[in-house]
Amino acid sequence: MKTIIEPFKIKSIEPIYFNTREEREKILEEAYYNLFLIHSRDVLIDLLTDSGTSAMSSGQWAGIMQGDESYAGSPSFYRFEEAVRTVTGLPLVIPTHQGRAAEKILFHLLGGKGKFILSNNLFDTTRANIEFSGAEGIDLVCEEGKHPSFPAPFKGNVDTAALQKFIEKTGAQNIPLVILTVTNNSGGGQPVSMRNIRETRAICDRHGIPLFIDACRFAENAYFIKLREEGYAGKPVPEIVKELFSYADGCTMSAKKDAFANIGGFLALRDEKLARQCRNLLIITEGFPTYGGLAGRDLEAIAIGLREVMDEHYLQYRIRSIEYLANKLIDAGVPIIRPAGGHAVYLDAKAFNTHIPPDQYPGQALACALYLAGGIRGVEIGSLMFGKYDAARRLVPAPMELVRLAIPRRVYTQSHIDYVAEVVIEVFRKKREIQGLEITEEAPMLRHFTAKLRPVSGNGPAALF
Ligand SMILES: *Cc1c(COP(=O)(O)O)cnc(C)c1O
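The numbering scheme is per chain: residues are counted from 1 as the chain's sequence reads. pLDDT decides what is reported in this predicted model: residues at 70 or higher carry local features, side-chain atom pairs at 80 or more are listed and counted, and totals for whole chains, interfaces and linings draw on all residues regardless. Hydrogen atoms and water are omitted, and side-chain values are computed over all heavy atoms in the structure.

Chemist: How do you make sense of the overall build of the chain when you look at a structure like this?
Modeler: A run of H or I in DSSP counts as a helix once it spans at least four residues, and a run of E counts as a strand once it spans at least two, with each numbered from the N terminus. Tallying secondary structure elements over the chain gives 17 helices and 16 strands in all. Its C-alpha atoms give the chain a radius of gyration of 22 Å, near enough to 23 Å, the size a compact globule of 465 residues would have. For the chain, the spread of C-alpha atoms along the three principal axes comes to 60 × 55 × 45 Å. Partly exposed describes any residue whose relative accessible area lies between the buried limit of under 20% and the exposed limit of over 50%, with all areas from a 1.4 Å probe on protein chains only and scaled to the type maximum. Burial statistics for the chain: of 465 residues in total, 56% are counted as buried. Sequence separation of at least 24 residues holds for 73% of the intrachain contacts in the chain that already meet a minimum separation of 6. Computed with the Shrake-Rupley method and a 1.4 Å probe, the accessible areas treat only the protein chains shown as cover for residues. Accessible surface for the chain amounts to roughly 19600 Å². Of this, 54% is attributable to carbon and sulfur atoms. We compute the radius of gyration over the C-alpha atoms and compare it with the globule rule, which gives 2.2 Å times the number of residues raised to the power 0.38. Should any heavy atoms of two residues lie within 4.5 Å, those residues are counted as being in contact.

Chemist: Quick question: what am I supposed to make of helix α8 (residues 218-228) here?
Modeler: Spacing of three or four residues puts side chains on the same side of an α-helix, whose turn is 3.6 residues. The buried fraction of α8 amounts to 9 of the 11 residues, a majority that puts the element mostly inside the structure. Residues F218, A219, E220, N221, A222, Y223, F224, I225 and K226 constitute the buried set of α8. Taken together, the buried residues of α8 touch α3 (75-88), α7 (194-207), α9 (237-246), β7 (250-254), α11 (296-308) and α12 (312-331).

Chemist: For this particular structure, what's the right way to read the site of the ligand?
Modeler: Neighbouring the ligand are 15 residues, the closest being R100, D214, R217, S254 and K257. As used in this structure description, the phrase polar contact means that two N or O atoms lie within 3.5 Å; if the pair is within protein, one of them must be able to donate a hydrogen and the other to accept it, and residues adjacent in sequence are counted only when both atoms belong to side chains. Separating an oxygen atom of the ligand from a backbone N or O atom of G99 is a distance of 2.9 Å. K257 has a polar side-chain atom sitting 2.8 Å from an oxygen atom of the ligand. When isolated, the ligand has an accessible area of 380 Å², and the protein chains bury 97% of it. Within the residue set of the shell around the ligand, elements represented by two or more residues are α4 (99-110) and α5 (124-132). A per-element tally of the shell around the ligand places α4 first, with 3 residues. A molecule or strand has a residue near it when one of that residue's heavy atoms lies within 4 Å.

Chemist: Please explain the environment of Y232 as it appears in this structure.
Modeler: Within the secondary structure, Y232 sits in the loop between α8 and α9. Spatially, the C-alpha atom of Y232 lies 27 Å from that of A162, the residues being 70 residues apart in sequence. Other than its neighbours up to four places away in sequence, Y232 contacts M194, R198, I225, K226, I240 and E243.

Chemist: Even after reading the chapter, I still don't get the nonpolar core, so can you show me in this structure?
Modeler: A general trend in soluble globular proteins is that nonpolar side chains are found buried together. In this text, buried Ala, Val, Leu, Ile, Met, Phe, Trp, Tyr and Cys residues form a nonpolar core when linked through side-chain atoms within 4.5 Å. Ranked by internal contacts, the top residues of the largest apolar core, which has 62 residues, are L118, I213, F218 and L306. Sort the elements by how many residues they give to this core and α8 lands first, with 6 residues. Ignoring anything within four residues of it in the chain, the contact list for L118 reads I138, L140, L163, F166, I167, I175, L177, V178 and I179. L28, L325, L329 and A349 belong to the second largest nonpolar core, which has 55 residues in total.

Chemist: Help me out: how do you make sense of the pattern of salt bridges in this one?
Modeler: Pairing between side chains of opposite charge can happen when the charged atoms of each approach one another. Each reported salt bridge corresponds to a side-chain nitrogen of Lys or Arg within 4 Å of a carboxyl oxygen of Asp or Glu. Under the defined criterion, the tally for this structure stands at 28 salt bridges. A salt bridge links D249 to R201; the shortest N-O distance between them is 2.9 Å. With D249 in the loop between α9 and β7 and R201 in helix α7, this pair connects stretches of sequence that are 48 residues apart. D249 sits in the partly exposed class, given a relative accessible area of 24%. The shortest N-O distance in the salt bridge between R394 and D390 comes to 3.2 Å.

Chemist: Would you take a moment to explain the packing of helix α14 (residues 362-374) against helix α16 (residues 414-429) for this structure?
Modeler: In helix packing, the relevant descriptors are the interaxial angle and the interaxial distance, both defined with respect to the helix axes. The axes are straight lines fitted to the C-alpha atoms, using for helices just the contacting stretch, and the angles between their N-to-C directions are given from 0 to 180°. It is the contact of α14 with α16, at a shortest axis distance of 10 Å, that shows an interaxial angle of 120°. For the pair α14 and α16, the sense of crossing is right-handed. Only Y419, V423, V424 and V427 of α16 make contact with α14, whose side of the interface consists of L366, A369, L370, A373 and G374. By the convention adopted, Pro, Cys, Tyr, Trp, Phe, Met, Ile, Leu, Val and Ala count as nonpolar, Lys, Arg, Asp and Glu as charged, and the other residues, Gly among them, as polar. When grouped by side-chain class, the residues that make up the contact of α14 with α16 number 8 nonpolar, 1 polar and no charged. Less than a right angle of anticlockwise turn of the near helix away from the far helix marks a crossing as left-handed, whereas a clockwise turn marks it as right-handed.

Chemist: For this particular structure, what's the right way to read the sheet that holds β7?
Modeler: Each strand in a sheet pairs with its neighbour through backbone hydrogen bonds, running either in the same direction (parallel) or in the opposite one (antiparallel). Here a strand pair is declared whenever DSSP counts at least two bridges between the two strands. As summarised here, the arrangement of the 7 strands in space is β2-β8-β7-β6-β5-β3-β4, forming an open sheet in which the pairing is mixed. This sheet does not close on itself; its edge strands, each paired only once, are β2 (92-96) and β4 (136-139). Strand-to-strand twist in this sheet, taken as the mean axis angle between neighbours without regard to direction, amounts to 20°. Where strand β3 (residues 116-119) and strand β5 (residues 177-181) come together, 3 bridges link them in parallel fashion. Along β5, the bridge assignment pairs L118 with V178. Lying over the sheet, α3 contacts β2 and β8 (265-269), oriented at roughly 120° with respect to β2.

Chemist: What am I meant to see in the pairing of β2 here?
Modeler: Looking along a regular strand, one sees side chains alternate from face to face of the sheet. Counted residue by residue, β2 has 5 buried out of 5 residues, so it is predominantly covered. Burial of the side chains of β2 extends over both faces: L92, I94 and T96 are buried on one face and V93 and P95 on the other. Inspection of the sheet shows β2 paired to β8 by 5 bridges, in the antiparallel sense. Bridge pairing in β8 places I94 opposite L267.

Chemist: Could you clarify how one ought to interpret a nonpolar patch on the surface in this entry?
Modeler: Only residues whose relative accessible area exceeds 30% and that take part in no salt bridge are eligible for patches, with like-charged residues grouped when within 9 Å of each other and nonpolar side chains (Val, Leu, Ile, Met, Phe, Trp, Tyr) grouped when within 5 Å. The grouping of M445, L446 and F449 at the surface amounts to a nonpolar patch, some 350 Å² of accessible area in total. The topology assignment puts M445 in the loop between β15 (437-441) and β16 (452-455). Exposure remark for M445: the relative accessible area of 67% places this residue in the exposed category.

Chemist: What is the right way to look at the domain arrangement of the chain in this model?
Modeler: The accessible area lost on association of the parts is a frequent measure of interface size. Domain boundaries assigned for the chain yield domain 1 (21-50 + 311-464) and domain 2 (58-308). A domain assignment, automatic or from a database, supplies the domain bounds used here. The gap between the C-alpha centroids of domain 1 and domain 2 is 28 Å. Each side of the interface is counted separately: domain 1 has 22 residues, and domain 2 has 29 residues. By convention, the term buried area covers the 1.4 Å-probe accessible surface removed from two parts as they join, with the contributions of both added. Approximately 2200 Å² of surface area, both sides summed, lies buried where domain 1 meets domain 2, with 55% of it carried by carbon and sulfur atoms. Contact with domain 2 buries area across many residues of domain 1, yet E312, L315 and R409 alone supply 24% of it, more than any other trio. There are 6 salt bridges connecting domain 1 and domain 2. Note that E308 and R410 form a salt bridge whose closest N and O atoms lie 3.0 Å from each other. Here domain 1 is connected to domain 2 by 16 residue pairs in polar contact (both at pLDDT 80 or more). For the side of domain 1 that touches domain 2, the secondary-structure elements that each account for two or more residues are α12 and β9 (344-348). The greatest single-element share of the side of domain 1 that touches domain 2, amounting to 6 residues, is contributed by α12. Residues that form the side of domain 1 that touches domain 2 fall into these classes: 9 nonpolar, 4 polar and 9 charged.

See below:
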């Protein structure tokens, strides 16, 4: 087997601005040890997110020049609509400015007080939109999905027995929909099997509940099905994708993920009445139904991206490049979620920094150490992001302390990833030197975006790692 190469050449480049360890110490201190507060120019390799950070193709840039900016009835919209219909088989297509706008409309109409929305794992914006409507979001991921180091092929699956039980206990009339997130972002980018989707559909059918897909990474999920599920090895990805959506009554999508776009999203449905209600809301919040918060050129970029993402040379390279980083780290003994997800490698900071207690934010300390050591920006997904306080204002830690290294699509080459592995391994070898952090200022909600921290030692950044 030869090396799997990047299935593209580079036509246009963006410079990386190098800085020194000393400069990074100053930058980190001035950003109060919060990587969200660092300018992206001061980052060497930016693995904060894979959302909206894809490199677009020459085809997409050419499409952008074809964008027609008419308010109503733009040909760009019809090309976009046709692409979504072809890829998903869902007939009614509603553009939105990004994924959460589609969620807002859907859950405003179907959510509400006393309702429960069931899922494998809800993404944070999805959960926020459900709760904002007054409904409750319930995560029912399978047992394997709860154990970071335990490798299994489909750790994103919903626990169908728990799903069935929850519906029977709560009553189908209180459950307006079930939504499966593919791949499961909050659970480590782990895929859902076709069998699990089919079984979920059967349970929904028995109770008359619609099934939706949070489709942000549908192509990555489909490729995992091809690689790992019996009966799919010989099937072309577009066929697997079609089958996946054939079980759904609708989907929400962020085009900032598996459509290689820098902005955009959509809602796609089968039910005419629901689509009419959605379009009525769309006009208030997003715009006229043939552009929905997007420029005509964005619609073109998405239409082209949706087709490009199903190219199997691309998907092979994509999945393999995440696995490549994961394997390098595993070989060096670095604790990560296994197996590698479709869009990111998740470092297990609890196992990494056993000497740092949860109330000294081992994940954030590790994320800061990676920045100091090599200018790499990841994101803490642990007690800084999800921690709460009890009545005595003691921290109630998050169940897992992770640092996510999300890989932007088509942006970094193998040598960038080799460098990332070198930095992570270097930090791992000297992990005992990493020191904990404490919060000095925080907002009441979503505190991780703006919180200010400092090393518990009272020393400056040079001593943090
Ligand atoms: C990114 C994401 C969303 C929200 O999409 P935005 O475009 O960021 O609003 C919803 N679900 C999942 C699984 C996501 O990864």
